[in-house]
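For reference, the chains in residue letters:
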Amino acid sequence: MRVSRIKAITKKELIQIGRDPLSLAMAFIMPVMLLLIFGYAITLDVNNIRTVVYDSDNSSLSREFVNEFKRSGYFTIVNNITDNRDIDKYLDSGMAQVAIVIPEDFSRKLKGSKNGDAMIIVDGSDSNTATIALGYISAISEIYSQKTKGIKITPLIEPRIRVWYNSELKSRNFIIPGLIAVIMAVIAALLTSLTVAREWERGTMEQLISTPVKSPELITGKLIPYFMIGFIDVLMSVFMAVFLFEVPLKGNFFLLMGLSSIFLFGGLSLGILISIVAKSQLVASQISMVATFLPAFLLSGFMYAISNMPAALQTVTYIIPARYFVSILKGIFLKGSSLKLLTFETFLLMLFGVTVFAIANRKFKKRIA
Amino acid sequence: MFERIKQMIIKEFIHVFRDRRMIAIVFVTPVLQLLVFGYAVTTDVKEISTAVYDLDRSYESRELVRRLESSGYFNIRYFIKNNYEMQELLDAGKVAAAIQINRNFSSELKNNKETEIQMLVDGTDSNTATIAMDYANRIIGMYAKEIKTYNVSKSSNPLSPSLKAGLDVQTRAWYNPDLKSRNYNVPAVIAIVIMLTCLLLTSMAVVREREIGTMEQLMVTPVKPLELILGKTIPFALISFFDVFLVTFVAVFWFDIPIKGQILLMPLNTAIYLLSVLGIGLFISTIARTQQQAMMATFLFYIPAVLLSGFMFPIENMPEIIQFLTYINPLRYFLVIIRGIFLKGNGMSMLWQQMFALLILGISVITISSLRFKKRLE
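Residues numbered from 1 in each chain as written. Chains lettered and ligands numbered in written order. Predicted model: local features only at pLDDT ≥ 70, side-chain atom pairs only at ≥ 80, totals over all residues. Heavy atoms only, no water.

### Brief notes about the overall build of chain A
Along the backbone of chain A there are 15 helices and 5 strands. Relative to the globule expectation of 21 Å for 369 residues, the C-alpha radius of gyration of chain A, 28 Å, shows a markedly less compact shape. Residues classed as buried in chain A amount to 59% of the 369 residues present. (Helix = DSSP H or I, 4+ residues; strand = E, 2+ residues; numbered from the N terminus. Rg over C-alpha atoms; globule rule 2.2 N^0.38 Å. Buried < 20%, exposed > 50% of the residue type's maximum accessible area, 1.4 Å probe, protein only.)

Structure (structure tokens):
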């Protein structure tokens, strides 16, 4: 390995990147766009549940019951209907997600000694929203029930629940640290997976081979510029997370950047490996999507808890570096984890990076020969 | 004219499948994506790994723990002996919840005195935490109610407030009574998988000719711009169509996703949907000069399109400006259609508005792209 040759390749690659300012711009727009979408546009928090009311009692008690839903802030009453066949229409078309059905004898029963009853229909197709809505419904019904009894009954067992690490339960705090891992996997996939394939396709690889450059030098030289772009992306993402979205960074900033570099090295090496194996840009783009983007997005635990996946798929997640990096990011951001707690993850990330780099190197040698 | 288009289509198929690996890629990756999505994307919260710190060690405390466990929502992994261990397990992420039952739990319950239970929840995953807290509240609440009723009936005081009338609320979930998130997600995955495959193939195929320099060769042939556009889109429309068929097959037979509506509505709707997707692919190919740019631009469109479609995040929770923006997202309409067909059994009478909107969008996109494409050729 000679530094001067690596330098030359890096310089060549930088010139090529410079000639394609559109791709470079997109490499910086991508993380900003993803962070803005996740930070502002979407949320897993459930509110504004569209609700339709069919109140055949129409008494002060039933109206009070409906008001309780309105007041909670989670439900938005879209309409009061007078024909119970309309319930189907509202739910089928998705105009309402919840229907509150109050029978005629609702208030009579409540005033007497019998239990009043009401029926609530939930659109279960979006199971997550439905589950959370059901939780709200049972809590609201309980409150109403106590109010009509006129006595505030304290429950015999009071659950004192405290939430750690993300005490306001903001989905933003949970998603944004993990998002940084996804961003880097995407960047690695998009930027590096085509670099070698492009040289083959355009016929410039033959020129490179005829130079005295050796394969580890070529790979390292190609890695460095993309590493720089990736590193700037991480910096940008972390700054946006902390200063724009006010995600608490409880751990050490330098530890975060150090471990990010290790992950970046592995991700970029994988991109190069794909590029070497694929030889055509079309094939490379498809492989890199399946091998880097999808696992980082779906199997890393970034949004979907790994413990909820079937056992076979859980096993697969162990070979996905993003999995370790997501837990590192969440650990450093939300729990303030130290390197000692993250030794295992760090070690595996290193192992992954070195292995992939070695394989890429070997495959490339074979290609040339 | 038809002859020339036919030749273009044949040429395109030869191009795509000359690399044998592309056959596998075009047909295997969508299925692979569906499998991974189908299994990984689950928002069902169950078996939350939990630690119990039981200081009371009584029949009552064990009964409560048993109920938490048998609900299926909590998986009691650790019985711990001190407070310190609780913190350690949460820090290491080995448990997501920890429950502490105090020493006098059972004696207070027996004397009908109020008692409390401490619960710690890892809030890192706010969705799981919210649902876990809700489950715990409900299970503990039910248990408390039972004990109270038992105590009251023993003391036989008929005027006790808890025996006064209250409210029973029955809840029912329609369309997906088991509340399985998979039933909701898999049909949507069909839509997003096809979008990515179709976009990448279309945008890269055109740019490739430009990058390698074969576009000039095409230009000197008598092929007209419109024929070129058709020749470049029809093959990918056919491949995407086949992929939809394949992926739907896997969804129904592998994942057992019920189809409540008419499956015959699928081809028609897919065709309308592909109009927009091909149009966007073509549009990207008019902007990009290299395949690298085409791929990045595809992702730059694809990721927000998926996130802002109502696929995982309900549109009504988004800020209003963004909600407005989603109207130009073809995925938005197609998701309502495909979920309607699969889960709700919606027919034409329910779906025509969405279909109409999607058709208008598709025609506009493909017209704009074709005009731009023609201009670039000239």
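### Let's talk about the overall build of chain B
Regarding its fold elements, chain B presents 14 helices and 5 strands. Its C-alpha atoms give chain B a radius of gyration of 29 Å, clearly above 21 Å, the size a compact globule of 378 residues would have. Principal-axis analysis of the C-alpha atoms places the extent of chain B at approximately 100 × 45 × 40 Å. In chain B, 79% of the contacts between residues at least 6 apart in sequence involve partners at least 24 apart. Accessible surface, chain B: about 16700 Å² in total, of which carbon and sulfur atoms supply 62%. Averaging the coordinates of the 38 positive side-chain charges in chain B and doing the same for the 31 negative ones gives two points 6 Å apart. (Contact = heavy atoms within 4.5 Å. Areas by Shrake-Rupley, 256 points an atom, 1.4 Å probe, with all protein chains shown as cover. Lys, Arg positive; Asp, Glu negative; His and termini not counted. Charge placed at Lys NZ, Arg CZ, Asp CG, Glu CD.)

### Here's the deal with the packing of aromatic side chains
Per the stated rule, a full pass over the model turns up 30 aromatic pairs over all chains. Pairing Phe 227 of chain A with Phe 231 of chain A gives two aromatic rings, centres 6.1 Å apart and planes at 20 degrees, and the pair type is stacked. One end of the pair is Phe 227 of chain A and the other is Phe 231 of chain A, both in helix α10 (residues 215-244) and 4 residues apart, which spans about a single turn. Overall, Phe 227 of chain A belongs to the partly exposed group, its relative accessible area being 27%. Every member of this aromatic cluster is reached through a ring pair, and the members are Phe 38, Phe 293, Phe 297 and Phe 302 of chain A together with Phe 299, Tyr 302 and Phe 313 of chain B. Over the ring of Tyr 318 of chain A we find Arg 323 of chain A; its NZ or CZ atom is 4.4 Å from the centre of that ring. Positioned above the aromatic ring of Tyr 327 of chain B, the side-chain terminus of Arg 332 of chain B is 4.3 Å from the ring centre. (Phe/Tyr/Trp six-rings, centres within 6.5 Å; stacked < 30°, edge-to-face > 60°. Lys NZ or Arg CZ within 6 Å of the ring centre and 35° of its normal.)

### A look at a positive patch on the surface
Positive charge collects at one region of the surface, where Arg 289, Arg 372, Lys 375 and Arg 376 of chain B lie side by side. Here Arg 289 of chain B lies in the loop between α10 (265-287) and α11 (291-307). (Patch = residues over 30% accessible without salt bridge, like charges linked within 9 Å, V, L, I, M, F, W, Y side chains within 5 Å. Salt bridge = Lys/Arg side-chain N within 4 Å of Asp/Glu carboxyl O.)

### A look at a nonpolar patch on the surface
On the surface, Leu 22 of chain A together with Phe 283, Ile 287 and Ile 368 of chain B cluster together into a nonpolar patch covering about 320 Å² of accessible area. The topology assignment puts Leu 22 of chain A in helix α2 (residues 21-41).

### Topic: the environment of Phe 265 of chain A
All names here are of chain A. The residue Phe 265 is located in helix α11 (residues 253-278) in this model. For Phe 265, a relative accessible area of 30% gives the class partly exposed. Taking the C-alpha atoms as reference, Phe 265 lies 8.6 Å from Val 354; in sequence the two are 89 residues apart. Not counting residues up to four positions away in its chain, the partners in contact with Phe 265 are Leu 223, Phe 227, Gly 353, Val 354 and Phe 357.

### Looking at the pattern of salt bridges
What the rule picks out here adds up to 16 salt bridges over all chains. As a salt-bridge pair, Lys 12 of chain A and Glu 13 of chain A come within 3.4 Å of each other at their nearest N and O atoms. Since its relative accessible area comes to 0%, Glu 13 of chain A is described here as buried. Between Arg 138 of chain B and Asp 134 of chain B there is a salt bridge, with its nearest N and O atoms 2.9 Å apart.

### With respect to the nonpolar core
Counting 170 residues, the largest nonpolar core has Met 30, Phe 38 and Leu 298 of chain A together with Leu 307 of chain B as the members making the most contacts within it. Among the elements that line this core, the one with the most residues is helix α7 (residues 181-212) of chain B, at 18 residues. With 51 residues, the next largest nonpolar core counts Ile 120 and Tyr 144 of chain A together with Ala 129 and Ile 139 of chain B among its residues. (Core = buried A, V, L, I, M, F, W, Y, C linked by side-chain atoms within 4.5 Å.)

### As for the interface of chain A and chain B
If you look at the interface, chain A gives 117 residues, while chain B gives 108 residues. Linking chain A to chain B there are 0 salt bridges. At the junction of chain A with chain B, the criterion picks out 2 residue pairs in polar contact (both at pLDDT 80 or more). The element contributing the most residues to the side of chain A that touches chain B is helix α6 (residues 127-149) of chain A, with 15 residues. (Polar contact = N/O pair within 3.5 Å; in protein donor to acceptor, adjacent residues only side chain to side chain.)

### Some remarks on the pairing of strand β4 (residues 115-122) of chain B
The two faces of the sheet receive side chains in turn, since in a regular strand these alternate between them. Residue and element names in this part refer to chain B. For β4, the buried fraction is high: 7 of the 8 residues fall into the buried class. Where strand β3 (residues 97-101) and β4 come together, 5 bridges link them in antiparallel fashion. From the neighbouring strand, Gln 100 faces β4, where its bridge partner is Gln 118. (Pairing = 2+ DSSP bridges.)

### Quick look at α11 of chain A
Residues and elements named next belong to chain A. With 26 residues, α11 should reach 38 Å at 1.5 Å per residue; the first-to-last C-alpha distance of 37 Å fits that figure. Of all 26 residues making up α11, 21 are buried, and the element is well covered by its neighbours. A distance of 2.7 Å separates the backbone nitrogen of Phe 254 from a side-chain oxygen at the start of α11, and that oxygen is part of Asn 252. One or two residues past the end of α11 sits Lys 279, with phi positive at roughly 70 degrees. (Expected span 1.5 Å × (residues − 1).)

### Points about the layout of surface pockets
Of the volumes computed, that of the second largest pocket is approximately 1400 Å³. Arg 323 and Ser 327 of chain A together with Ala 92, Gly 93 and Lys 94 of chain B are, among the 42 residues lining the second largest pocket, the residues nearest its centre. Sorting the residues of the lining of the second largest pocket by element identifies α14 (321-335) and α15 (343-368) of chain A together with β1 (48-54), β4 and α6 (126-155) of chain B as the ones contributing at least two each. The element that contributes the greatest number of residues to the lining of the second largest pocket is α14 of chain A, accounting for 7 residues. The residue makeup of the lining of the second largest pocket, split by class, is 19 nonpolar, 12 polar and 11 charged. (1 Å grid on protein atoms, 1.4 Å probe; cavity = no way out; pocket = protein on both sides within 12 Å on 5 of 7 lines; lining within 4 Å. Points joined across faces, edges and corners; volume = space filled by probe spheres on them. Nonpolar A, V, L, I, M, F, W, Y, C, P; charged D, E, K, R; others polar.)

### Observations regarding the environment of Val 16 of chain B
Relative to the assigned elements, Val 16 of chain B resides in helix α1 (residues 2-18). Residues within four places of Val 16 of chain B in sequence aside, it is in contact with Met 22 and Phe 236 of chain B.

### Some words on the confidence of the model for chain A
A residue-level look at chain A finds 92% of positions with pLDDT of 70 or above and a mean pLDDT of 83. Mean pLDDT values over the elements of chain A span from 64, in strand β5 (residues 157-164) of chain A, up to 91, in α11 of chain A. (pLDDT = per-residue confidence, 0-100.)

### Looking at the packing of α7 of chain B against helix α13 (residues 330-344) of chain B
Residue and element names in this part refer to chain B. Contact geometry for α7 and α13: axes closest at 9 Å, N-to-C directions at 140 degrees. It follows that α7 is oblique to α13 by the angle criterion. Where α7 crosses over α13, the two elements pack in a sense that is right-handed. Listed contacts from α13 to Asn 183, Tyr 184, Asn 185, Pro 187, Ala 188, Ile 190, Ala 191, Ile 192 and Met 195 of α7 are Pro 330, Leu 331, Phe 334, Leu 335, Ile 338, Arg 339, Phe 342 and Leu 343. The class makeup of the residues in the contact of α7 with α13 is 14 nonpolar, 2 polar and 1 charged. (Axes fitted to C-alpha atoms, helices over the stretch in contact; angles between N-to-C directions. Parallel < 35°, antiparallel > 145°, perpendicular 65-115°, else oblique. Left-handed = near helix turned anticlockwise from the far one by under 90°.)

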